[in-house]
Amino acid sequence: MITIAGFNTAIDRFIQIDALTPGEVHRVRTEKVYAGGKGVHVAQTIAELGEHVRLIGPIDAAHHSLIGRQMSARGVLFRGVEIEGELRQCLALQEEGGSITEILGQGPQLSQIEQDALLRDFRRSADQSELVILSGSLPRGFADTLYAELVEYVHGLGKRCLVDASGDALRNAVVAKPFLVKPNRDEISQLVGHPVINIEAAQAAVIALRARGISMPVVTMGDMGAVAADDTGVWHAQLAPTQLRNAVGSGDCFLAGMAVAIKRNMPLEQALRLAVACGVANAESNETGFAERGKVESLLANVKTSRLQAAPNARGEAMH
Ligand SMILES: Nc1ncnc2c1ncn2[C@@H]1O[C@H](COP(=O)(O)OP(=O)(O)OP(=O)(O)O)[C@@H](O)[C@H]1O
Ligand SMILES: [Mg+2]
């Protein structure tokens, strides 16, 4: 079992319009509503790849059945903690040319009782799991040290913890040395304090994260692919989509691929191959944050991997 803390469940509305003009009235061409939030994306892709997964996250009365139905249809065990406030709503507006404008809701403020209920369910599920994932931003009410505390809790169980976060939640989590962190280009730039704009800079960043005690740091660079390190070296993997449709949530699907590979003890090169195939499978479809198994399998062989550097030592001294 893999447990995911996805405390920022959302309702995602994907709307296609002709063109976006500020101040004008727009008519919708097609509209789809999905269960959303990073935890949902990671969970449904892990289930699709064939692993047991339980998602712990908030839910409100109005959307309980929508999210419950989607999660069970996708094979995810969803442990929803019902909250008083209304779930976060996220809007993606796609214009005819393909460009996407996102409007992300602020989300509810969670009471102490609601926070405690989520954490109680999280701990109970983590106790029964081999692998734990902390995914996405924290709703208002939680301290930005929460992920660091949960990483320590998971380590106390003798289990590996994967973290996908940003800003202070990520900065604090890194200090607790999770097994894996997966910042994207913006998140790693913020973390290291300078722009990470190319593969060389991403390579330096993963080596620096190794030096800080992260066993398997990964930096995802959008269309430039991803760079990751472990004790076999630093690797790069990349695949150009045949048709780019919607890359939002590709990082979440990428993380799902990494988690499944880690659970199956695959070597890093193969793990990256699976993760990139998941990221690209998501980017090639309209739905946000879901990689279809058949599509992933058809892309796997096309992913290009290369070793940028042989085994950097645990302290990252190979960097200099
Ligand atoms: N335009 C693209 N072309 C090729 N590969 C892509 C593209 N977008 C995403 N990918 C693949 O998906 C992976 C994750 O994408 P990205 O770095 O954009 O994640 P992210 O910003 O964390 O996404 P999100 O947070 O929306 O899920 C990349 O490392 C890459 O392998
Ligand atoms: Mg991301």
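Counting restarts for each chain, with residues numbered from 1 along the sequence as it is written. By the order in which they are written, chains take letters starting at A while ligands take numbers starting at 1. Restriction of local features to residues with pLDDT of at least 70 applies here, the model being predicted, together with a cutoff of 80 or more for giving and counting side-chain atom pairs; totals for whole chains, interfaces and linings are based on all residues. Side-chain metrics in this entry use all non-hydrogen atoms of the structure; hydrogen atoms and water are not considered.

Enquirer: Explain the packing of aromatic side chains to me, please; I cannot follow it from the model alone.
Expert: Within a pair of aromatic rings, the relevant descriptors are the distance that separates the centres and the angle that separates the planes. Within 6.5 Å between ring centres, the rings of Phe, Tyr and Trp (the latter by its six-membered ring) count as paired, and their orientation is classed by plane angle as stacked under 30 degrees, edge-to-face over 60, tilted in between. This structure, assessed with the given rule, holds 2 aromatic pairs. Aromatic side chains F7 and F142 sit 5.5 Å apart centroid to centroid with 20° between the ring planes, which places their arrangement in the stacked category. Here F7, found in the loop between β1 (2-5) and β2 (10-16), pairs with F142, found in the loop between β8 (131-135) and α4 (146-156); they are 135 residues apart in sequence, far enough to count as distant. Of the two residues examined, F7 and F142, each falls in the buried class. Definition used: whenever NZ (Lys) or CZ (Arg) falls within 6 Å of the ring centre and also within 35 degrees of the ring normal, the charge is taken to sit over that ring. The ring of F290 carries the charged tip of R74 above its face, separated from the ring centre by 3.7 Å. One residue, R123, lies across the ring of Y153, its end atom 5.6 Å from the ring centre. The helix and strand labels rest on DSSP assignments: H or I over at least four residues marks a helix, E over at least two residues marks a strand, and numbering proceeds from the N terminus. Summary of the burial criterion: residues with accessible area below 20% of their type's maximum are buried, those above 50% are exposed, and those between are partly exposed, where the area comes from a 1.4 Å probe applied to protein chains only.

Enquirer: When you look at the domain arrangement of the chain in this model, what are you seeing that I'm missing?
Expert: You'll often see interface size given as the accessible area lost when the parts meet. Under the domain assignment used here, the chain contains domain 1 (1-19 + 29-178) and domain 2 (184-320). Taken over C-alpha atoms, the centre of domain 1 sits 20 Å from the centre of domain 2. Two residues form a contact once any of their heavy atoms are found within 4.5 Å. Taken residue by residue, the interface counts 36 residues in domain 1 and 33 residues in domain 2. Put simply, buried area is how much 1.4 Å-probe accessible surface two parts lose in total, over both of them, once they are put together. Overall, the association of domain 1 and domain 2 removes approximately 3100 Å² of surface from exposure, summing both partners, and the carbon and sulfur fraction of that is 60%. A pairing counts as a salt bridge when a side-chain nitrogen of Lys or Arg comes within 4 Å of a carboxyl oxygen of Asp or Glu. The tally of links between domain 1 and domain 2 comes to 5 salt bridges. A salt bridge links R264 to E51; the shortest N-O distance between them is 2.7 Å. Polar contacts here mean pairs of N or O atoms no more than 3.5 Å apart (in protein, one a potential hydrogen donor and the other a potential acceptor; neighbouring residues in sequence count only if both atoms are side-chain atoms). Connecting domain 1 to domain 2 are 12 residue pairs in polar contact (both at pLDDT 80 or more). Those elements that provide at least two residues to the side of domain 1 that touches domain 2 are β2, α1 (38-48), β7 (100-104), β8, β9 (160-164) and α5 (167-175). All domain edges in this entry derive from an automatic or database-based domain assignment.

Enquirer: Teacher, can you tell me more about helix α2 (residues 64-73) here?
Expert: It helps to recall that an α-helix has 3.6 residues per turn; residues three or four apart then point in one direction. Among the residues making up α2, those that are buried are I67, Q70 and M71. One side of α2 holds all its buried residues, which, seen down the axis, span an arc of 95°. When the buried face of α2 is taken as reference, the exposed residues oriented beyond 90 degrees from it are R69, S72 and A73. On its buried face, α2 sits against β2, β3 (30-36), α1, β4 (53-59) and β5 (77-82). Regarding the arc, it is the one traced by the directions from the helix axis to the C-beta atoms.

Enquirer: How should the sheet that holds β5 be read in this particular structure?
Expert: Across a sheet, strands are paired by hydrogen bonds formed along the backbone, either parallel or antiparallel in direction. Only when DSSP finds a minimum of two bridges between them are two strands counted as paired. One open sheet accounts for 6 strands, arranged β5-β4-β1-β8-β9-β10; its pairing is parallel. Only two strands of the sheet have a single neighbouring strand rather than two, namely β5 and β10 (180-181). As defined by bridge partners, β1 adjoins β8 across 4 bridges and the pair is classed as parallel. Each residue of the ladder has a partner; that of I4, found in β8, is I133. This element, α1, spans β1, β4 and β8 of the sheet and lies at about 155° to β4. Simply put, an axis is a line fit to the C-alpha atoms, just over the touching stretch for a helix, and the angle between two N-to-C directions goes from 0 to 180 degrees. Across the sheet, helix α8 (residues 250-263) lies against β1, β8, β9 and β10, angled at about 170° from β9, the strand it touches most.

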